[in-house]
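Spelled out from the first residue to the last, the chains are:
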Amino acid sequence: MHKSASREAVTSLHDLSAVDLMAGFRGKQFSPSEVLKDVLTHIAVWEPHIKALYAFDPEGARATAKASTERWHKGEPMGPLDGIPVTIKENIATKGVPVPRGAITTKLVPAAADAPPAARLREAGAVIFSKTTMPDYGMLSSGLSSFHPLTRNPWDLSKNPGGSSSGAGAAGAAGYGPLHLGTDIGGSVRLPACWCGLVALKPSLGRVPVDPFYVGRVAGPMTRTVDDAAMMMNVLSRPDRRDGMSLPAHEINWKALDKSPRKLRIGLMLDLGVGQPLEKEVREVAVKAAKAFESAGAVVTEVAGILTREMLDGLDNFWRARSWDDLSRLPPEERAKSLPYIYKWAEAGAKLSGLDVIRGFNATMAIRTAAAKLFCDLDYVVSPVSPVVNFPAEFASPVNDPEKPFEHICYTVPWNMSENPAVSINGDYDNKGFPIGVQIVGRRFDDLGVLGMAKAFEGLRGPQKPWPTPPKK
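Residues numbered from 1 in each chain as written. Predicted model: local features only at pLDDT ≥ 70, side-chain atom pairs only at ≥ 80, totals over all residues. Heavy atoms only, no water.

**Q** Teacher, can you tell me more about unusual backbone geometry here?
**A** Residues other than glycine predominantly adopt negative phi, and peptide bonds predominantly adopt the trans conformation. With an omega of 10°, the peptide bond between G163 and S164 qualifies as cis. Tracing the sequence through the fold places S164 in the loop between β3 (127–132) and α5 (166–174). For the bond from D211 to P212, the omega torsion is 10°, close enough to zero to count as cis. Of note in this structure, R101 is not a glycine but carries a positive phi near 55°. As for its placement among the helices and strands, R101 is situated in the loop between β2 (85–89) and α4 (116–123). Although it is not a glycine, E419 adopts a positive phi angle of roughly 75°. Mapped onto the fold, E419 is located in the loop between α13 (413–418) and β10 (422–429). Judged by relative accessible area, which is 13%, E419 ranks as buried. (Helix = DSSP H or I, 4+ residues; strand = E, 2+ residues; numbered from the N terminus. Buried < 20%, exposed > 50% of the residue type's maximum accessible area, 1.4 Å probe, protein only.)

**Q** In this structure, what is going on with the layout of surface pockets? I would like to understand it.
**A** The probe, sized like a water molecule, is rolled over the atoms to show the empty space still left. There is about 420 Å³ of room inside the second largest pocket. Forming the boundary of the second largest pocket are 22 residues, of which N91, R101, Y137, R217 and R322 lie nearest the centre. Broken down by secondary-structure element, the contributors of at least two residues to the lining of the second largest pocket are β4 (179–184) and α9 (309–328). Ranked by residue count, the leading element in the lining of the second largest pocket is α9, at three residues. Of the residues belonging to the lining of the second largest pocket, the class tally is nine nonpolar, six polar and seven charged. (1 Å grid on protein atoms, 1.4 Å probe; cavity = no way out; pocket = protein on both sides within 12 Å on 5 of 7 lines; lining within 4 Å. Points joined across faces, edges and corners; volume = space filled by probe spheres on them. Nonpolar A, V, L, I, M, F, W, Y, C, P; charged D, E, K, R; others polar.)

It is worth stressing that arrangement in space is one thing and function is another; only the former is reported here.
See the structure below:
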């Protein structure tokens, strides 16, 4: 475990929140160029150890930051994120950059245009200085990839940052600026946020337009503070007609985060009856979070999980078949280059019947039905994000068995299928100082309320430990 900086240490520019950076730009305390310079210097120290970045473009970023600095000098910022350093997960297209999706089997073709989330960030003036790493096809909760080098967790280099937004999680924890964008189809922003000590919102399906769109697939912010996540959502949630599953344009005041837990009905979801057993330290953090809400006036009741073994296995079958469809289109010699774990997992999809696959897809409807019933009587659900504190950096998943690929996502994946917003926020640390996340889930479309509850929890929880510092050479 790396030593953490002293609480008394002067906050560096790379550690400032996006909210504080914008205030500093307005007050002419520092410029976007100065902030980027500090971020790049910090990256040079950390990146050899964690390998979080793909398509790193410091020169292009310097030019963007210089233009932003000139606009601020004139008092004419172009948008609400003008000059803020940002990373984007590599499966979110940015014009001119190939999108390998973490897989060595992907043909590298420069993207023709920015995908919707990238376009919104660029329009808002963000300084996009790099993409971030991910595992093959986004189908692992890990920093392991056949295309990218192994991404490691800054809190402990022997541990996994999680995934599939692995580079985004590692970059956020290491202080590569304040704002990072990931995607989530089963826990892929929340799990790395949990294991990296960050805040991550999985929005309601369609709240943030994406391209390509798919069942359960969303893009969401990964930040150090709730205010920064809301600041990103103010930009990301703007409409884009390329997403055929996007929600109608709706004005949301993302700054209105003040929310009292008083009299709210909260379900505490602990033992699910499926998936990996819940580790003691994780349970204690989730219970502590629920008690904090209870002390603030919420009515907390323990509730059963909504996921069943049949539902989880159904999703597994559906995703295996979908992934084998992708791999089966490759020439055999190319297919053989796939990550062995992914190949073995997906290959089983070839043996599934059409009935197996449609039953697997129907599991999404069963999950949706169970979630709707649960939220008839509840306002929010509090649960762990992951059942385990951490796992080795070299593993493809906490279980590391392609026959049991999704035992660790039982707290997260239901909310993708049901379309409910869910946020991961650091709850506490284990006895070695490793972060443990708490998940807060709300009703469909209550994205602002979920962030409001996370903001309330920030206050109830109190200050976090200092962020990790780079290892000595």
